[in-house]
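Okay, here's what each chain looks like letter by letter:
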Amino acid sequence: MNRIYCDIAATTPIDSKVLELMEHTQEYIFGNPSSVHIFGQEAKAVVERARIQVAESLNCNSSEIIFTSGGSESNNIVLQNTLNAGDHFITSSYEHPSILKTASHLGSKGIEVTLVLPSSDGSIDKNSVYDACKSNTKLISIMGVNNELGTLNPIKEIGEFCASNNILFHSDVVQMFGKTPLNISEFNIDFLSFAGHKIYGPKGIGVLFIRKGVTLPPLIFGGGQENNLRAGTENVDAIAGFGLASEIATSNLDDNIEHLTQIENCFLNSLQKNDVDFMLNGKNRVPGICNLTFFGISGQTLLLNLDMQGIAISFGSACSSGSVKASQTLLEIGMSEEDALNTVRISFGKPHTFEDCEKVAITIANQVKKLKNTSISHG
Ligand SMILES: Cc1ncc(COP(=O)(O)O)c(C=O)c1O
């Protein structure tokens, strides 16, 4: 069976050039970057080259880039290292669990937390963030693009507000990087989190951008790697892979956006041509993440039926899939529980062709018809 993977927002396949570089690095550049001899210095050069590639892809200074184990760790570092008892923290109620669960943990340690609700269009209204501010607000964290809906948030405006009110601003751009321009010199952002496995790079590697002049205490004490913030011998081949993946993602950004827009339009048009009754959730989205409600059809059942046809989609986000609870994100934007249970996420990326998206649409149309007939015959 020819399988089609439509869960790009959960993780991407690795780019073949990235894989080639990583294999080469793993085999030949095995020195410890902290060693003084040539083997160590070669490894250090690989790490620093990758840091420059990431910095160039964001238009920032390489000293502002810290390698971490992924988006979750980058988010944790910022929240756990900037806030103290008595501080006020604002985030949104539909962030990734690595923000929400950390926020609730901080809440139990005397940090005041305000969760701002998203609007029904799937984005955060900047005014609701401004209105939530208090004299003790120390940090605001709002994701650039929501992982389930693909909706964009006004992080540029919120960043400007934070800068003029002396508030630190963090954004989780795990789903944004490589899908829309992100020239950090045009944004007032203190911290950014992103991950290699969402940009056709390796898993288990991420980045935290920390604006020059903003300091954080060490998270892991030890040999002083990563600017004394995160000790431990560097994952050199993953770092090399991340560097190249970020360069590829940003140097081909316009082509990627064009490709994703065309693929998404082809898919949605094809669903319509095949008379499928659906609703596309969220406005002002990055192309490629389609959050779709198929009325009267269980999202979980549709996922399982499509899986048997070789098509991989997701019910909710990857981190919460496996449960048949309605997605909290969808409930947060005001969707009824029934509609949320009838909703799936189908996400496209670089590998998809027009043929793929036509095939996915036709298979969905057949499955939706079949499931509708089953529910009618069951009364
Ligand atoms: C918006 C968002 N933030 C953070 C993460 C976590 O990233 P990682 O898996 O690299 O820890 C994800 C992954 O799904 C995500 O979508």
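Keep in mind it's a predicted model, so treat the numbers as computed, not measured.

With that settled, consider the overall build of the chain. Tallying secondary structure elements over the chain gives 12 helices and 12 strands in all. Each principal axis of the C-alpha atoms in the chain carries an extent, and together these give about 70 × 55 × 30 Å. Here the chain holds 379 residues, and 56% of them are scored as buried. Here the analysis covers contacts within the chain between residues at least 6 apart in sequence; of these, 71% occur between residues at least 24 apart. Summing over all exposed atoms, the chain offers an accessible surface of approximately 16400 Å²; the carbon and sulfur share of this is 51%. Distance between charge centroids for the chain: 3 Å, based on 27 positive and 40 negative side chains.

What follows deals with the pattern of salt bridges. The tally for this structure, following the rule as stated, stands at nine salt bridges. Between Asp 15 and Lys 350 there is a salt bridge whose closest N-O contact spans 3.2 Å. Remark: Lys 350 occurs in the loop between strand S12 (343-347) and helix H12 (354-377) and Asp 15 occurs in the loop between strand S1 (4-5) and helix H1 (16-28); sequence separation between them is 335 residues. For Lys 350, a relative accessible area of 30% gives the class partly exposed. With its nearest N and O atoms 3.6 Å apart, the salt bridge here joins Asp 87 to Lys 138. Pair noted here: Asp 87 is in the loop between helix H3 (71-82) and strand S3 (88-92) and Lys 138 is in strand S5 (residues 137-141), with a separation of 51 residues, a long-range link. For Asp 87, a relative accessible area of 14% corresponds to the buried category. With relative accessibility at 28%, the residue Lys 138 sits in the partly exposed group.

This part covers the pairing of strand S8 (residues 206-210). S8 sits mainly inside the fold: five of its five residues count as buried. Residues Gly 206, Leu 208 and Ile 210 of S8 are buried on one face, and the alternating residues Val 207 and Phe 209, pointing to the opposite face, are buried as well. Two elements, strand S2 (residues 65-68) and S8, share four bridges in a ladder whose sense is antiparallel. Within the sheet, the bridge partner assigned to Phe 67 lies in S8 and is Val 207. Relative to S8, strand S7 (residues 191-195) runs antiparallel, the two sharing five bridges. Residue pairing for S8: Ala 195 is matched across the bridge by Gly 206.

This brings us to the sheet that holds strand S10 (residues 289-294). What the three strands build is an open sheet, ordered S9-S10-S12; its pairing is antiparallel. At either end of the open sheet lies a strand with only one pairing partner, and these are strand S9 (278-280) and S12. Taking each pair of neighbouring strands and ignoring which way they run, the sheet shows an average axis angle of 30°. Here S10 pairs with S12 via five bridges, running antiparallel. In the strand pairing of S12, Asn 291 is matched with Arg 345.

This part covers a nonpolar patch on the surface. On the surface, Phe 30, Ile 38 and Phe 39 cluster together into a nonpolar patch covering about 350 Å² of accessible area. Take Phe 39: it is sitting in helix H2 (residues 38-58).

Cut-offs and rules
- Residues numbered from 1 in each chain as written.
- Predicted model: local features only at pLDDT ≥ 70, side-chain atom pairs only at ≥ 80, totals over all residues.
- Heavy atoms only, no water.
- Helix = DSSP H or I, 4+ residues; strand = E, 2+ residues; numbered from the N terminus.
- Buried < 20%, exposed > 50% of the residue type's maximum accessible area, 1.4 Å probe, protein only.
- Contact = heavy atoms within 4.5 Å.
- Areas by Shrake-Rupley, 256 points an atom, 1.4 Å probe, with all protein chains shown as cover.
- Lys, Arg positive; Asp, Glu negative; His and termini not counted.
- Charge placed at Lys NZ, Arg CZ, Asp CG, Glu CD.
- Salt bridge = Lys/Arg side-chain N within 4 Å of Asp/Glu carboxyl O.
- Pairing = 2+ DSSP bridges.
- Axes fitted to C-alpha atoms, helices over the stretch in contact; angles between N-to-C directions.
- Patch = residues over 30% accessible without salt bridge, like charges linked within 9 Å, V, L, I, M, F, W, Y side chains within 5 Å.

So far we have only geometry, and geometry alone does not tell us how the molecule works.
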